[in-house]
Amino acid sequence: MTTPRSILFVCLGNICRSPLAEGVFRTVAAERGLDGLRIDSAGTGDWHEGERPDPRAIAIAAHHGIDISRQRARKQNRADFDAFDLILAMDRSNLDIVRAQAPAGREDRVRLYLDHTLGRMADVPDPYFGGPDEFASVYRMVHEASLALAAKLA
Ligand code: 4NP
């Protein structure tokens, strides 16, 4: 794979994990001087389309000085396979869903987030039914993964 210039983060609802992955990576990429990247997030489900991120996701990002409140949820769609050269799924369930929709020959651009960034074949656990500790844990994973992803792209 050539160095990706456009990256889409995908989870289930696009209100907890992938908006954090988007917002934290956008900040880390800017800090590292990575210019010209297209960075976005989407969900495989459409229940929250048009909504801002979950207040708990907004809060943990704000705690670390990152504003994700202007992001809006959307459903992942077929055009994303043309628009993005790297699609990172936050867990294996969503990886399977997105890969199954990929046009022939485009499956390779869909990767598991923690595997691609940190070499860990592991999911970012869904924090939606959890509490602040789960959101803090997701934030830590996403921050570590964002640093690794920026290093790969530098
Ligand atoms: P996310 O979390 O996939 O990290 O955005 C979820 C958000 C909403 C729901 C499930 C997971 N939901 O069932 O509405």
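All residue numbers refer to positions counted from 1 along the written sequence of the respective chain. A pLDDT threshold of at least 70 governs which residues receive local features in this predicted model, and a stricter bar of 80 or more applies before side-chain atom pairs are shown or counted, although totals over entire chains, interfaces and linings include all residues. Hydrogens and waters are ignored; side-chain quantities use all the structure's heavy atoms.

**Structural notes on the pattern of salt bridges**
Counted as salt bridges are all cases of a side-chain nitrogen of Lys or Arg within 4 Å of a carboxyl oxygen of Asp or Glu. Enumeration according to the criterion identifies ten salt bridges in this entry. A salt bridge links Arg17 to Asp91; the shortest N-O distance between them is 2.8 Å. You can see Arg17 sitting in helix H1 (residues 17-31) and its partner Asp91 sitting in the loop between strand S3 (86-89) and helix H4 (92-101), a full 74 residues away along the chain. The pair Arg17 / Asp91 is uniform in exposure class, with both members buried. One network of salt bridges, in which partners are shared, links Arg17, Asp91 and Asp126. Counting from the N terminus, the helices are the DSSP runs of H or I reaching at least four residues and the strands are the DSSP runs of E reaching at least two. Burial here depends on accessible area, computed with a 1.4 Å probe over protein chains only, as a share of the maximum for the residue type. Under 20% is buried, over 50% is exposed, and the range in between is partly exposed.

**Quick look at the site of the ligand**
We call a residue near a given molecule or strand whenever any one of its heavy atoms falls within 4 Å of it. Near the ligand you find Cys11, Leu12, Gly13, Asn14, Ile15, Cys16, Arg17, His48, Asp126 and Tyr128, and these make up its full shell. Two N or O atoms form a polar contact when they lie within 3.5 Å of each other; inside protein one atom must be a possible hydrogen donor and the other a possible acceptor, and for residues adjacent in sequence the pair counts only when both atoms belong to side chains. With respect to the ligand, the backbone of Gly13 contributes an N or O atom lying 2.8 Å from an oxygen atom. In the model, an oxygen atom of the ligand is placed 2.9 Å from a nitrogen or oxygen of the Cys16 main chain. Computed with a 1.4 Å probe, the accessible areas rest on the Shrake-Rupley method; for each residue, only the protein chains presented here act as cover. For the ligand, whose accessible area on its own is 350 Å², the fraction buried by protein is 90%.

**Some details on the sheet that holds strand S4 (residues 110-112)**
Here, a strand pair is defined by DSSP locating no fewer than two bridges between the strands. Pairing within the open sheet is parallel, and its four strands lie in the order S2-S1-S3-S4. Sheet topology places strand S2 (38-43) and S4 at the edges, where each strand pairs with a single neighbour. With strand direction ignored, the average angle separating the axes of adjacent strands in the sheet is 25°. Summarising the sheet, S3 and S4 pair through three bridges and their orientation is parallel. Bridged to Ile87 within S4 is Val110. The contact criterion used throughout is that any non-hydrogen atoms of two residues lie within 4.5 Å. Angular values range over 0 to 180 degrees, each being the angle between N-to-C directions of two axes fitted as lines to C-alpha atoms, with helices fitted over their stretch in contact. Packed on one face of the sheet, H4 meets strand S1 (6-11), S3 and S4 and runs near 170° to S4.

**Side note on the pairing of S1**
Extensive coverage of S1 is indicated by the burial of six of its six residues. Of the two faces of S1, the one lined by Ser6, Leu8 and Val10 and the one lined by Ile7, Phe9 and Cys11 are each fully buried. In this structure, S1 lies alongside S2, joined through six bridges in parallel fashion. Paired with Val10 across the strands is Ala42, a residue of S2.

**Considering unusual backbone geometry**
Notably, Asn14 is not glycine yet its phi reads approximately 55°, a positive angle. For Asn14, the location among the structural elements is in the loop between S1 and H1.

**Some remarks on the packing of H1 against helix H6 (residues 132-153)**
One can describe the packing of H1 onto H6 by two numbers: an axis separation of 9 Å at closest approach and a directional angle of 45°. By the angle class used here, H1 and H6 are oblique. As H1 packs across H6, the resulting crossing turns out to be right-handed. When H1 is examined against H6, the residues Arg17, Leu20, Ala21, Val24, Phe25 and Val28 are found in contact with a partner set consisting of Val138, Tyr139, Val142, His143, Ser146, Leu147, Leu149, Ala150 and Leu153. Put simply, angles under 35 degrees are roughly parallel, angles over 145 are roughly antiparallel, angles from 65 to 115 are roughly perpendicular, and the rest are oblique. In a left-handed crossing the near helix is turned counterclockwise from the far helix by less than a right angle, and in a right-handed crossing that turn is clockwise.

**Notes on the nonpolar core**
The tendency in soluble globular proteins is for nonpolar side chains to be buried as a group. Take the buried Ala, Val, Leu, Ile, Met, Phe, Trp, Tyr and Cys residues and link them wherever side-chain atoms come within 4.5 Å; each set so joined is a nonpolar core. Of all hydrophobic cores here, the largest spans 36 residues; its most connected members are Ile7, Phe9, Leu20, Phe25, Tyr113 and Leu149. If one sorts the elements of this core by residue count, H6 sits on top with nine residues. When neighbours within four sequence positions are excluded, Leu20 is seen to be in contact with Phe25, Ala57, Ile60, Ala61, Ile68, Val138, Tyr139 and Val142. Judged by nonpolar contacts, the second largest core, of twelve residues, contains Leu8, Ala42, Phe84 and Leu112.

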